[in-house]
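Here is how the chains run, residue by residue.
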Amino acid sequence: MPRNPIQEERIKKYFLDAAKDIIISEGIAALSVRNVAQKAGYSYATLYNYFKGVTGLITACIKDFQQDCSAYILEKTKGKHTGKEKLKSMLQAYIDYLVEYPSLFDLFYISGLSNEEANQSVIHYLKQLSEDVLQQCIEKDIYNKTQVEDIKENINVVIPGLLLSYLKRHYPGNYKTFLNLADKQLNNIFKSD
């Protein structure tokens, strides 16, 4: 008997939502096929009809969280300036999102993903997020192509470094000081010297 595609998507979403809930509330270490299946209300064997085990589920979660993050950033930067002011606002929203959901920082940057697709997705997410705005900066002669490549690389290193220091090392000691430090580092990234 053929499966109903709508029902298939619904069940897959149950598993995905259950996995996302576990990651947010308990962290990536608590994620297992059995935990996800139990939370979704299905047997763990059923999960394998939709995902290639935990690795496939993690990859799907990362993509879904990135879509959630992009929607959050879009909402926070709606009506903001263009160019580097827009990109700075986007990166500040990205930082806010990961501070609000520190388990996602662990998922994106700490967990040591064994799946190459998931790793590449995480590595390139910030670059992709900034791509359109940086292209606008090139078109408006704010930056040249070499400066844009430097900015992309700096974003990929500085943002995770700031978040690592704050979320894992509690440096600086309070959120307000952290935001000031983040603002200072973002301004340094966008200098066009």
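Computed from a predicted structure; not experimentally measured.

A. Looking closely at the packing of helix 1 (residues 5-26) against helix 4 (residues 53-77). The contact between helix 1 and helix 4 brings their axes to 10 Å, and the two run at 80°. Judged by the inter-axis angle, helix 1 sits roughly perpendicular to helix 4. Here helix 1 contributes Phe15, Leu16, Ala19, Lys20, Ile23 and Ile24 to the contact with helix 4, which in turn contributes Leu57, Ala60, Cys61, Asp64, Phe65 and Asp68.

B. Looking closely at unusual backbone geometry. Here the bond from Tyr171 into Pro172 is cis, since omega is -10°, no more than 30 degrees from zero. Turning to its location among the elements, Pro172 is positioned in the loop between helix 8 (145-169) and helix 9 (175-189). Positive phi outside glycine occurs at Asp141, with the angle close to 60°. Within the secondary structure, Asp141 sits in the loop between helix 7 (116-139) and helix 8.

C. Highlighting the nonpolar core. Core analysis: the largest hydrophobic core is formed by 60 residues, its most contacted members being Phe15, Val36, Tyr94, Ile159 and Leu163. Among the elements of the structure, helix 1, helix 2 (33-40), helix 4, helix 5 (83-100), helix 6 (102-110), helix 7, helix 8 and helix 9 are those that each provide at least two residues to this core. Apart from residues no more than four positions distant in its own chain, Leu163 is found in contact with Tyr94, Ile95, Leu98, Val99, Phe105, Lys168 and Phe178.

D. Examining the state of the cysteines more closely. One pass over the structure, following the stated rule, counts zero disulfides. Unpaired in terms of disulfides, Cys137 finds its nearest cysteine sulfur in Cys69, a separation of 20 Å.

What counts as what
Residues numbered from 1 in each chain as written. Predicted model: local features only at pLDDT ≥ 70, side-chain atom pairs only at ≥ 80, totals over all residues. Heavy atoms only, no water. Axes fitted to C-alpha atoms, helices over the stretch in contact; angles between N-to-C directions. Helix = DSSP H or I, 4+ residues; strand = E, 2+ residues; numbered from the N terminus. Parallel < 35°, antiparallel > 145°, perpendicular 65-115°, else oblique. Contact = heavy atoms within 4.5 Å. Core = buried A, V, L, I, M, F, W, Y, C linked by side-chain atoms within 4.5 Å. Buried < 20%, exposed > 50% of the residue type's maximum accessible area, 1.4 Å probe, protein only. Disulfide = S-S within 2.5 Å.

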